[in-house]
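Here are the chains, one letter per residue:
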Amino acid sequence: MSGSTHASMRRALIDVAAIEHNVRHLRRLVQTEVIAVVKADGYGHGAVRAAEAALAGGAARLGVADIDEALALRAAGITAPVVAWLHAPDADFRAAAAHRVELGISSFAQLEAAAAAATGESPVGVHLKVETGLGRNGVEPREWRRVCAEAARLERIGRIRVVGVFSHLSNTSIDDDRAALARFHEAVADAAAVGVSPRLRHIAASHAALALPESRLDCVRLGIAVYGLSPTPDRTSADLGLRPAMTLRSTVAAVRRVPAGQGVSYGYTHRAAAETTLALVPIGYADGVPRQASGRGPVVIGGGRFTVAGRIAMDQFVVDVGDAEVSVGDEVVLFGDPTLGAPSAAEWADAADTIDYEIVTRVGPRVRRITVTDEATGDGS
Ligand SMILES: *Cc1c(COP(=O)(O)O)cnc(C)c1O
């Protein structure tokens, strides 16, 4: 294929038009505001390009875990509202305040630190997080009223502005999520009783936003769906009207014809059943190709579908292509949009006993990200 002969050995094509499409589609579907989650370098897609595409698709706000991730968006010139919700004990709330980064607040101490970070006359925007059963962060229910009362006071004196109240669901079952949602509504009422009634109540991430309409509230925090992947194994991207934004490709680096019995890769977990052709693919677990998928991961080479043969190594793996015509320089597709013939990230997730989130997010730094705007060619520039 033209465009691939001089391309690097490992490339992730990022279809920003797909991200934009996904956000626009999801916004129509959920009928509420969207916080596009671009933590972990935009789930491996590149945080800045993902953020720009999501905003173009109609996201009202961006979400990240760390303040550093928020500051990187600001450094790239992104001015949209950004909320960061996971803080180390020594997190730099001053830098966050200076760059108008909204803070998720999970304790009384964090609330005080946020207020202390306010500069001049501009209050720090906060989203108060209440624990509703996930067992991670969020204000303890028994502390909630005290935190909200203090937030109301700090808001009155202009140190903070309560933008939102939020929580996070476990996706254990619809019933578990409904129970957490009920606890959340109680917490919202308790907050209102002490004078905290922010515009944004939010609890749903991709799974609940799609599966539990009553959880959509004032906005939803969408991560995986923005990238065109399904939050659950029982539904495909296409079922949800989503387009996978990342295509992971490599290039055949060597081919060798071998006799029956030839061992392949470390430990000889695969041996050629008959005379065959082995193709070497120069991408490995250092690049996020899970070693756990050794002997199982699917690839497409020249329109033919094959399976990884033997162990996936740090930099490379081997494909037993039988008698197929495969040559050095041929393009290898690990995953992408299955409606265009690629294996899906979900298939790799199955092969590695994990979830599609991990497959895209762990794509490593050696893999060149190439922005494309047309998912059909993927040859890009
Ligand atoms: C990562 C994250 C999300 C996004 O989750 P998806 O399942 O990818 O949509 C939403 N909210 C919080 C608090 C998160 O940590």
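Residues numbered from 1 in each chain as written. Predicted model: local features only at pLDDT ≥ 70, side-chain atom pairs only at ≥ 80, totals over all residues. Heavy atoms only, no water.

**Focus on the site of the ligand**
Then step 1. Around the ligand, the neighbouring residues are Val37, Lys39, Tyr43, Trp85, His168, Ala205, Ser206, Arg221, Leu222, Gly223, Ile224 and Tyr357.
Then step 2. At a separation of 2.7 Å, an oxygen atom of the ligand approaches a polar side-chain atom of Lys39.
Then step 3. Gly223 is positioned with one of its backbone polar atoms (N or O) 2.8 Å from an oxygen atom of the ligand.
Then step 4. Burial of the ligand by the protein amounts to 92% of the accessible area it has alone, namely 390 Å².
Then step 5. More than half of the atoms belonging to the ligand lie within 2 Å of the grid points that define the largest pocket.
Then step 6. Only α2 (39-43) and β9 (219-222) provide two or more residues apiece to the shell around the ligand.
Then step 7. Considering only residue class, the shell around the ligand consists of seven nonpolar, three polar and two charged. (Near = heavy atom within 4 Å. Polar contact = N/O pair within 3.5 Å; in protein donor to acceptor, adjacent residues only side chain to side chain. Areas by Shrake-Rupley, 256 points an atom, 1.4 Å probe, with all protein chains shown as cover. 1 Å grid on protein atoms, 1.4 Å probe; cavity = no way out; pocket = protein on both sides within 12 Å on 5 of 7 lines; lining within 4 Å. Sits in = over half its atoms within 2 Å of the grid points. Helix = DSSP H or I, 4+ residues; strand = E, 2+ residues; numbered from the N terminus. Nonpolar A, V, L, I, M, F, W, Y, C, P; charged D, E, K, R; others polar.)

**Details of the UniProt feature "binding site: substrate" (unreviewed entry) in the protein**
Then step 1. The UniProt feature table records "binding site: substrate" (unreviewed entry) at Arg136 and Met314. Their sequence span is 179 residues, while the largest C-alpha to C-alpha distance among them is 33.1 Å; these annotated residues do not converge on one region. Lining the largest pocket, from the set of annotated residues above, are Arg136.
Then step 2. Mapped onto the elements, Arg136 comes out in the loop between β6 (124-129) and α7 (141-156).
Then step 3. Residues within four places of Arg136 in sequence aside, it is in contact with Glu131 and His168.
Then step 4. Its place among the elements puts Met314 in the loop between β16 (304-309) and β17 (317-322).
Then step 5. Residue contacts for Met314: discarding those within four places in its chain leaves Gly284, Tyr285, Ala286, Asp287 and Arg366. (UniProt positions renumbered as here; feature names shortened; annotations may be inferred. Contact = heavy atoms within 4.5 Å.)

**A few points about the sheet that holds strand β11 (residues 254-258)**
Then step 1. Pairing is mixed in the open sheet, where nine strands are placed in the order β11-β14-β17-β16-β15-β18-β10-β1-β19. A single partner strand is all that each edge strand has here, and the edge strands are β11 and β19 (368-372). Between one strand and the next, the sheet's axes are offset by a mean angle of 35 degrees, whatever the strand orientation.
Then step 2. Strand direction decides the pairing type here: β11 and strand β14 (residues 276-281), joined by five bridges, are antiparallel. The partner of Val258 across the bridge, within β14, is Thr276.
Then step 3. Each of β1 (10-15) and β19 is contacted by helix α1 (residues 16-30), which is oriented at about 40 degrees to β1, the strand it contacts most. (Pairing = 2+ DSSP bridges. Axes fitted to C-alpha atoms, helices over the stretch in contact; angles between N-to-C directions.)

**Brief notes about the domain arrangement of the protein**
Then step 1. Entries for the protein in the domain assignment read domain 1 (32-227) and domain 2 (246-372).
Then step 2. Taking only C-alpha atoms into account, the centre of domain 1 sits 39 Å from that of domain 2.
Then step 3. Of the residues lining the interface, six residues belong to domain 1; the matching set on domain 2 comes to seven residues.
Then step 4. Summing both sides of the interface, domain 1 and domain 2 together bury roughly 720 Å²; the carbon and sulfur share of this comes to 58%.
Then step 5. Remark: the boundary between domain 1 and domain 2 carries zero salt bridges.
Then step 6. At the junction of domain 1 and domain 2, the tally comes to two residue pairs in polar contact (both at pLDDT 80 or more).
Then step 7. Taken together, the residues of the side of domain 1 that touches domain 2 break down into three nonpolar, two polar and one charged. (Domains from an automatic or database assignment. Buried area = accessible area lost by both parts, 1.4 Å probe. Salt bridge = Lys/Arg side-chain N within 4 Å of Asp/Glu carboxyl O.)

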